[in-house]
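The lines below spell out each chain.
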Amino acid sequence: MVLIHGWLLWVAWGIFGFVQLFSARYLKTWWKANMWIHRGSGTIIMCLTIALSIYGIYIVGWKITNQDPHNIVGTVVLLTVVEVALFGIFTRSRMVRL
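The structure reproduced in this document is the subject of the present report. (Residues numbered from 1 in each chain as written. Predicted model: local features only at pLDDT ≥ 70, side-chain atom pairs only at ≥ 80, totals over all residues. Heavy atoms only, no water.)

1. Quick notes on the environment of Ser41
Then, number 1: Mapped onto the elements, Ser41 comes out in helix α2 (residues 31-59).
Then, number 2: Residue Ser41 is classed as buried on the basis of its relative accessible area, which comes to 4%.
Then, number 3: Expressed as a C-alpha distance, the spacing of Ser41 and Phe16, which sit 25 residues apart in the sequence, is 5.6 Å.
Then, number 4: The residues contacting Ser41, other than those within four sequence positions of it, are Phe16, Val19 and Gln20.
Then, number 5: Reaching out from Ser41, the side chain makes a polar contact with the backbone oxygen of Ile37 at a distance of 2.9 Å. (Helix = DSSP H or I, 4+ residues; strand = E, 2+ residues; numbered from the N terminus. Buried < 20%, exposed > 50% of the residue type's maximum accessible area, 1.4 Å probe, protein only. Contact = heavy atoms within 4.5 Å. Polar contact = N/O pair within 3.5 Å; in protein donor to acceptor, adjacent residues only side chain to side chain.)

Written as structure tokens, this is what we have:
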């Protein structure tokens, strides 16, 4: 299961991360398609990161210790992903209202 954790997070960040960059940078001409691709890939990244981070924390016994840098970095990435997703939703709703 640890390999699945690693591979799925690699897919989330390696593939869908580039989809995020590509859609934000090169698909501005096709605005509606851009928004759906960006939202969809962002949602996949967020859901996979949250689910697999919770699973990783479960594997280590619900304790985040400073003995393993992977635990600390994983927790920081989890919190950052949630923050970025919430700010993306907030920013999009402000853009629609203005």
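2. Things to note about the environment of Val82
Then, number 1: Within the secondary structure, Val82 is located in helix α3 (residues 69-97).
Then, number 2: Judged by relative accessible area, Val82 falls into the partly exposed class, the value being 30%.
Then, number 3: Spatially, the C-alpha atom of Val82 lies 6.9 Å from that of Met46, the residues being 36 residues apart in sequence.

3. Remarks on the layout of surface pockets
Take a probe with the size of a water molecule and roll it over the atoms, and the empty space left behind shows itself.
Then, number 1: Taken as a whole, the largest pocket spans an internal volume of roughly 760 Å³.
Then, number 2: The wall of the largest pocket is formed by 24 residues, among which Gln20, His38, Arg39, Gly88 and Ile89 lie closest to the centre.
Then, number 3: Elements represented by at least two residues in the lining of the largest pocket include exactly α1 (2-26), α2 and α3.
Then, number 4: When grouped by side-chain class, the residues that make up the lining of the largest pocket number 12 nonpolar, nine polar and three charged.
Then, number 5: In this model, the second largest pocket occupies a volume close to 410 Å³.
Then, number 6: Along its surface, the second largest pocket is lined by 20 residues, and His5, Leu52, Gly56, His70 and Gly74 are the ones closest to its centre.
Then, number 7: Those elements that place two or more of their residues in the lining of the second largest pocket are α1, α2 and α3.
Then, number 8: Broken down by element, the residue count for the lining of the second largest pocket peaks at seven residues, all from α3.
Then, number 9: Along the lines of polarity and charge, the residues of the lining of the second largest pocket split into 11 nonpolar, nine polar and no charged. (1 Å grid on protein atoms, 1.4 Å probe; cavity = no way out; pocket = protein on both sides within 12 Å on 5 of 7 lines; lining within 4 Å. Points joined across faces, edges and corners; volume = space filled by probe spheres on them. Nonpolar A, V, L, I, M, F, W, Y, C, P; charged D, E, K, R; others polar.)

4. Re α1
Then, number 1: Over its 25 residues, α1 runs 35 Å from end to end, which matches the ideal 36 Å to within 8%, given 1.5 Å per residue.
Then, number 2: Maximal helix bending in α1 amounts to about 30°, located at Phe16.
Then, number 3: Among all positions of α1, only His5, Leu9, Ala12, Gly14, Gly17, Gln20 and Ser23 are buried.
Then, number 4: Looking at the buried side of α1, the elements it contacts are α2 and α3. (Expected span 1.5 Å × (residues − 1). Bend = angle between axes of the 7 residues up to and from the residue.)

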